[in-house]
Amino acid sequence: MLKSQDLSSRILSFSLRLAGIFAAQENCFQYLQGELLPTLFGEAGPLGGAAWTAPTVRSGWVQGLRTLARHPSALRFLAACGAVDTIFSLQGDSSLFVASAAGQLLVHVLDLAMRGPAEGRRGPRARDWPACAQKIVCHIEDSLCSAATPQVTQALNVLTTVFGHCRGLWTQGLWVRLSPLVARLLEKDPVPASHSLVDLLLSVARSGPRGAAGGVGRSSSVLSSDRGLWETLAQTLSHLSPTQAGPLALGILKLQDCPQALRTQAFGILLQPLACVLEAAAQAPGTPGLLEGAAGDSMTVDTLLSSKSACVGLLCCALAHLGLLQPLPQRPSPWPQVPLLGAVVTILRLCSGSAAPTSDVGGRLCAILVGCGRVQRAALDFLGALSQGTGPQELVTQVFSILLEYLMSPESSSMVLKKAFQATLRWLLSSSKTPGCCDLDPHTQQFLRELLPVLQKRLCSPCWEVRDSGLEFLTQMTRQWGGRTGFRQALLASEVPELTRQLLRDPESYVRASAVTATGQLSGWGLRATPASPERPGAQQESLLGELLHILSTDSEGFPRRAAMQVCTEWLRDGRADVAEDPERFVAGVLQAASRDLDWEVRAQGLELALVFLEQLLGQRGSRCPYSVGLPETAPPGVLAQALQVLCRVQLFEFAFRALFDCDRPVAQKSCDLLLFLRAKAASCGSLQEAGDSPSVASVEATLQRWQAGEQGQPLGYLEPGAIVAVLRSVDLEGLRDTLAESSDHVEKSPQSLLQDVLAAVGVLGENEADCY
Amino acid sequence: MKLYCLSGHPTLPCNVLKFKSTTIMLDCGLDMTSTLNFLPLPLVQSPRLSNLPGWSLKDGNAFLDKELKECSGHVFVDSVPEFCLPETELIDLSTVDVILISNYHCMMALPYITEHTGFTGTVYATEPTVQIGRLLMEELVNFIERVPKAQSASLWKNKDIQRLLPSPLKDAVEVSTWRRCYTMQEVNSALSKIQLVGYSQKIELFGAVQVTPLSSGYALGSSNWIIQSHYEKVSYVSGSSLLTTHPQPMDQASLKNSDVLILTGLTQIPTANPDGMVGEFCSNLALTVRNGGNVLVPCYPSGVIYDLLECLYQYIDSAGLSSIPFYFISPVANSSLEFSQIFAEWLCHNKQTKVYLPEPPFPHAELIQTNKLKHYPSIHGDFSNDFRQPCVVFTGHPSLRFGDVVHFMELWGKSSLNTVIFTEPDFSYLEALAPYQPLAMKCIYCPIDTRLNFIQVSKLLKEVQPLHVVCPEQYAQPPPAQSHRMDLMIDCQPPAMSYRRAEVLALPFKRRYEKIEIMPELADSLVPMEIKPGVSLATVSAVLHTKDNKHVLQPPPRPAQPTGGKKRKRASDDIPDCKVLKPLLSGSIPVEQFVQTLEKSTHHPPVPFLLEQHGFSDIKVEDTAKGHIVLLQEAETLIQIEEDSTHIICDNDEMLRTIRILHILLSSKLKTPVCLK
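Thresholds applied
Residues numbered from 1 in each chain as written. Chains lettered and ligands numbered in written order. Predicted model: local features only at pLDDT ≥ 70, side-chain atom pairs only at ≥ 80, totals over all residues. Heavy atoms only, no water. Helix = DSSP H or I, 4+ residues; strand = E, 2+ residues; numbered from the N terminus. Buried < 20%, exposed > 50% of the residue type's maximum accessible area, 1.4 Å probe, protein only. Areas by Shrake-Rupley, 256 points an atom, 1.4 Å probe, with all protein chains shown as cover. UniProt positions renumbered as here; feature names shortened; annotations may be inferred. Contact = heavy atoms within 4.5 Å. Buried area = accessible area lost by both parts, 1.4 Å probe. Salt bridge = Lys/Arg side-chain N within 4 Å of Asp/Glu carboxyl O. Polar contact = N/O pair within 3.5 Å; in protein donor to acceptor, adjacent residues only side chain to side chain. Pairing = 2+ DSSP bridges. Axes fitted to C-alpha atoms, helices over the stretch in contact; angles between N-to-C directions. 1 Å grid on protein atoms, 1.4 Å probe; cavity = no way out; pocket = protein on both sides within 12 Å on 5 of 7 lines; lining within 4 Å. Points joined across faces, edges and corners; volume = space filled by probe spheres on them. Nonpolar A, V, L, I, M, F, W, Y, C, P; charged D, E, K, R; others polar. Domains from an automatic or database assignment. Phe/Tyr/Trp six-rings, centres within 6.5 Å; stacked < 30°, edge-to-face > 60°. Lys NZ or Arg CZ within 6 Å of the ring centre and 35° of its normal.

Draft legend 1. Just the overall build of chain A, in detail. Counting its regular elements, chain A contains 40 helices and zero strands. By residue count, 51% of the 773 residues in chain A fall in the buried class. Looking at chain A as shown, the accessible area adds up to about 35100 Å², and 54% of this sits on carbon and sulfur atoms.

Okay, here's the thing in structure tokens:
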């Protein structure tokens, strides 16, 4: 086939990969290396020919070699056919995929070459390294010394992968050999490929030199190489610009153990921009800053004031990094919660224009930051993260007032508002955590009184994103505080519940979905729009249920229907009064709507509701942990018969059996689980087995087979409980579950599929089909 | 070039530009904030307003109690409202040649200028500007004339008395020049002086300058103006917008390469983003109506109202407000809504394309068709039959001093269910509300001003790169209340020149060149000599003819025949002899060589009869800042050589000066003109 002149690049690429797969086995490799492999991967192959111009061929070549290189014979083959030089050149390939794969292949080859001699030892001396490894390392050394930044980047990326993925002890030797060259990069101004350099240093610090020994019981020589590493890290921190140093500082602080001095230096880098802002905006000199003595770092100030984009970039990175650091157990201690809160409030004020800095730097910062949405979003995120800590009451009051300012301001964009809502929620929840207190403190109560009118206005916004985030906020607030008297009173006194109800008819589907969830949550806590009339206490609720069923059956978009199904499931699970009155009717109505739905998530949620219903009828499913051992729960035969009757009446089986053959795998899986659960319950009770051979069972099985074949038209009709049990036994549910548990591409990945692909490829070529067999 | 600044209001400008012998008035905005000092004019008798107590001095003197009334601690003039006119004393307005109008809000003082100052020139404006400007004037006249007021207060304007009044009356400026509203007759006469122009149309003014209107993107037909001669360009940017609203987008490219850019009419609320304000407007409107309250929107009959109606058109269904009636009450409501639909060519691209479908460009047509929006000329008549509550009413005037809005304020002010939403930025809403206090109804301030903000200005200036920027003083510093907001001012290099009311500004502008045409036959007779590659020179003798600011070189009349009369003969004497080809002079004077020549002048006698003359002996050369001075002490002569001029100063020896020295000078290479004194 390879001799064919008009071989398409796709087939050639496929052949390269296929040959790689075959040659991965050493015996197979021995068989193929005589003719086929040199033809494919050697000089005689596509390399350098016309086909080589196609990226897919180059990619196939790299991938083929990558699969092939699994045994020492492969290494000899690579050396013999000069593949390593080609890989070097492919590192700079015009196709990013090829270039990246070439880099990874290089790492893979190096690892393979070093694994043999280095196994179990700390790594041989450099001159004892295999020739192939020597060649690669020399290439990396040359690249590191190169004046061209792309070369340096390639070398650094390869090294990053080496230290990230290779666990051999030889990597320590590699670092000892290369670290002087890496350190020399820092002497250049500007530092080339700073981003990749940071990645490399972090990769080395995380794993590399310490290797398999991990963090415990390391030898003193390892520590000494560590010391060199810490010095390099410290040097890098001080050489890079504030913006470049941020990710490195964050990475250092995330390390489990590193010298305190380095941690302090790294934390200083992250705090620097905020310290500058805090100092620039300080009303009176002497206000406690973030970094004593170093607040006015000129480099950071210069970056902040150099241009709007630099200022915004630096502040956003600093805020994001600190936000990531905040929840970590290894975050610096003591954590400067109070000055950080002060800084972030100041930034938010500068952005809203409400700060009035007196200093020159402050004035310029204000002009740069005012109205800047990116910084506002980053600052609000960080402010939310800071809610996990505490602060003096005065500062907390400032936090709430700036949050309220943002929520009220017509200038806040929808994204900023969303973040402001999220931060507000976090602060509200954290501020009311006072142990032993079941109601809200007066500050929170006052804040709520001011917040609800704002929420009310936001729910009327012409911008749907704003209405949506308002509703999400309401839902989460209610979920947490629905039982608190203060919250209930404030909410009921406002028009928020009524507005939420009206938003069920919003023209935007996302808003309708959020309104459904919010209404469900509100009604779950008995927070109705208007008090129901004393004569018919359930009237309001009934109509809400009607409204949900209406949405379920008529809404043209999937999101509101999914939300409605979730609310229905919750109501059933919580046994809400009006649902509990006639659960059968409720379940029948919901399942009917769900069974017709085109959205698979709605159908899956319908099965969830069915499962809840089953559990209520037959008892819990028991422990869901597959390893736990428990006695099978048995239901009395009378209860089972009754339950099956009910299930038949609500047409749960029709729904579940149809779902069993659903074209969407999660639905089928869920249905399978449900039926298996039911069968397990039924097995424990033998009284219903006699219906095994009745004609209705046969007809049900026939119908199911038709459904499986894709003919979904025919209904199942009314079923007797006995027939159900029989059908449950006869269907191979376990087999079905196993099939469904396979990944969705298992068919494509099977050998059969590969053969089909080969046949198809040959078919396209139009050659003799019989040859292939 | 001078700029006379007649208005202190940055968004209602009135400036006069003197440029190349033309006098051009740029806009004539009318500052109506003066009306805030007056009591509202109620359409329906208001017992509350008519029973307000008269104001008396601290000592109990009540001689002003007929003129001044007190309401909730504020004092108001009980008289027909009056307006603060542009300065009329700074420059004789009868000398104004043309008035250029940039948008309909900036022409409200036109009748005062054209009818009462001896103005005889022409006014230029686009058609929508004129038509909608007419509607605004008509509405204003109607609002004021339909509530006749018997008394006219003038006592309080006496300077000695004004000093005793409480603020803000005490601080009101130039109250003596405040005038009552004009009449419809004056409006018609003023508008008849307007000549319609289209965007990019070039209008010649006396041959001296060319003026061109450009789309400014702010309102229907709104324009910026370019005033240019052959070598100078002045751009006048007034009320421009870069937002996508209904008008044609702003033409920025044509403003490039200006020598001077006069920048007025920026947004009055630089901290408020119009989108956010529209959101605020809609939310508050919906909240009020849902609670059963009414919404009052004091507004002008044209402009932002079109955009608001369009937003509401999209919003009312989603907010469940479909059943709520919207009323638009103005004497010109109908015309305004209809005019907006017919000026398709002045609209943004989206709306223009709708016309070809064909569909009305604005969706308010559909609101009217479906009876969701109804319009009435006044609260009297049909409106009182159709009126349903809760509702939303759009009506004027935004100052709350006259128009139907006064009635609604009186009607709805007592209930906290109702809301008044201010969307027009021209008046302080607190001052507007002052005579209605105490007020129970909610007040929401969402000023929607789509004009340029300072960020947009800084981008615009970077884009068009004018040499100099001139702006009202308000734009050259941050607002007084937010002095730290350095972003709320114009930031450019060199710093903008600022002006204030009644100031005359000499614009930093040198006229360096003038274009002169040469008649073809004269050009034909020229014999150019190449003095260096690519540069040729020729002497020309001609008659310079200047008319209508156009300069033309004409061939001199032919020498008359000797047989002609005496008069003709004398004329022919004046004609220089242009047949003799003289060497052309160019280059600078090589001083050293010149001095040597002076010393040796005998060796190279330029003119035969000077052969016997000797050279100058005692020559001294002094270097000065601009060049050199050559002193011939013996001959008591001084020769000043500068870069662009040379003077020979000698007391009385005309022979010496013209024949000896000048000749030597001219025989040196020189390019600069020589002046004899």
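Draft legend 2. Seen up close, unusual backbone geometry. All names here are of chain B. Residues S167 and P168 are joined by a peptide bond in cis, for which omega reads 0 degrees. Counting through the fold element by element, P168 comes out in the loop between α4 (159-162) and β9 (179-180). Following L357, the chain continues into P358 via a peptide bond in cis, with omega recorded as -5 degrees. With respect to the helices and strands, the residue P358 is situated in the loop between α9 (349-355) and α10 (364-369). Its identity as a non-glycine residue notwithstanding, Q465 has a phi of 50 degrees, on the positive side. Mapped onto the elements, Q465 comes out in the loop between α14 (454-464) and β22 (468-472). Given the relative accessible area of 56%, Q465 is considered exposed.

Draft legend 3. The UniProt feature "domain: Beta-Casp" (unreviewed entry) in chain B, seen in detail. This chain's UniProt record puts "domain: Beta-Casp" (unreviewed entry) on residues 305-433 of chain B. In this annotation, residues 305-433 of chain B is assigned 43% helix and 12% strand; the end-to-end C-alpha distance for the span is 21 Å.

Draft legend 4. The interface of chain B and chain A, seen in detail. Each partner contributes residues to the interface: chain B has 20 residues there, and chain A has 22 residues. Of the roughly 1700 Å² buried between chain B and chain A, counting both surfaces, carbon and sulfur atoms make up 56%. It is L287, R290 and H484 of chain B in chain B that bury the most area against chain A; as a group they hold 33% of the surface buried on that side. The interface formed by chain B and chain A includes one salt bridge. The residue K457 of chain A makes a salt bridge to E280 of chain B at a minimum N-O spacing of 2.5 Å. The tally of links from chain B across to chain A stands at six residue pairs in polar contact (both at pLDDT 80 or more). For the side of chain B that touches chain A, the secondary structure elements donating two or more residues are α6 (274-290) and α7 (304-318) of chain B. No other element matches α6 of chain B, which puts 11 residues into the side of chain B that touches chain A.

Draft legend 5. Region of interest: the sheet that holds strand β29 (residues 550-554) of chain B. Residue and element names in this part refer to chain B. Taken in spatial order, the three strands make up an open sheet running β25-β29-β28, and their pairing is mixed. Unpaired on one side and paired on the other, β25 (516-518) and β28 (543-547) mark the two borders of the sheet. Here the average twist between neighbouring strands, direction ignored, is 30 degrees. Alignment of β28 against β29, held across five bridges, turns out to be antiparallel.

Draft legend 6. Molecular detail of empty space enclosed by the protein. Residue and element names in this part refer to chain B. Here the structure, examined in full by the defined rule, presents seven cavities of 30 Å³ or more. By volume, the largest cavity amounts to about 200 Å³. Contributing to the lining of the largest cavity are 22 residues, with H105, Y218, V304, E424 and R451 lying nearest its centre. The residue makeup of the lining of the largest cavity, split by class, is nine nonpolar, eight polar and five charged. Two domains share the lining of the largest cavity, each providing at least three of its residues, namely domain 1 (2-270 + 451-506) and domain 2 (274-445). Considering only enclosed or pocket space, the second largest cavity measures out at about 140 Å³ in volume. Here the residues of the lining of the second largest cavity are counted per class, giving eight nonpolar, four polar and three charged. Split by domain, the residues of the lining of the second largest cavity number at least three in each of domain 1 (2-270 + 451-506) and domain 2 (274-445).

Draft legend 7. Spotlight on the packing of aromatic side chains. Taken as a whole and assessed by the stated rule, the structure comprises 33 aromatic pairs over all chains. Relative to W427 of chain A, the ring of F400 of chain A lies with its centre 6.4 Å away and its plane at 80 degrees, an arrangement referred to as edge-to-face. Residue F400 of chain A is found in helix α20 (residues 393-408), and its partner W427 of chain A is found in helix α21 (residues 414-431); the two are separated by 27 residues along the sequence. The burial state of F400 of chain A is the same as that of W427 of chain A; both residues are buried. Between Y510 of chain A and F559 of chain A, the aromatic rings sit 4.8 Å apart at their centres with planes inclined by 35 degrees, giving tilted as the arrangement. Note that Y510 of chain A is positioned in helix α26 (residues 509-524) and F559 of chain A in helix α28 (residues 558-574), a separation of 49 residues in sequence. Ring-pair connections join several aromatic residues into one group, and the members of that group are Y327, Y376, F383, F387, F408 and W412 of chain B. The aromatic ring of F362 of chain B is capped on one face by K351 of chain B, whose charged end is 4.9 Å from the ring centroid.

Draft legend 8. Looking closely at the pairing of strand β5 (residues 74-77) of chain B. All names here are of chain B. When strand β4 (residues 68-71) meets β5, the two strands line up antiparallel, connected through four bridges. The partner of L68 across the bridge, within β5, is V77. Linking β4 back to β5 in an antiparallel pair, the connection comprises two residues, with S72 at a positive phi of about 45 degrees.

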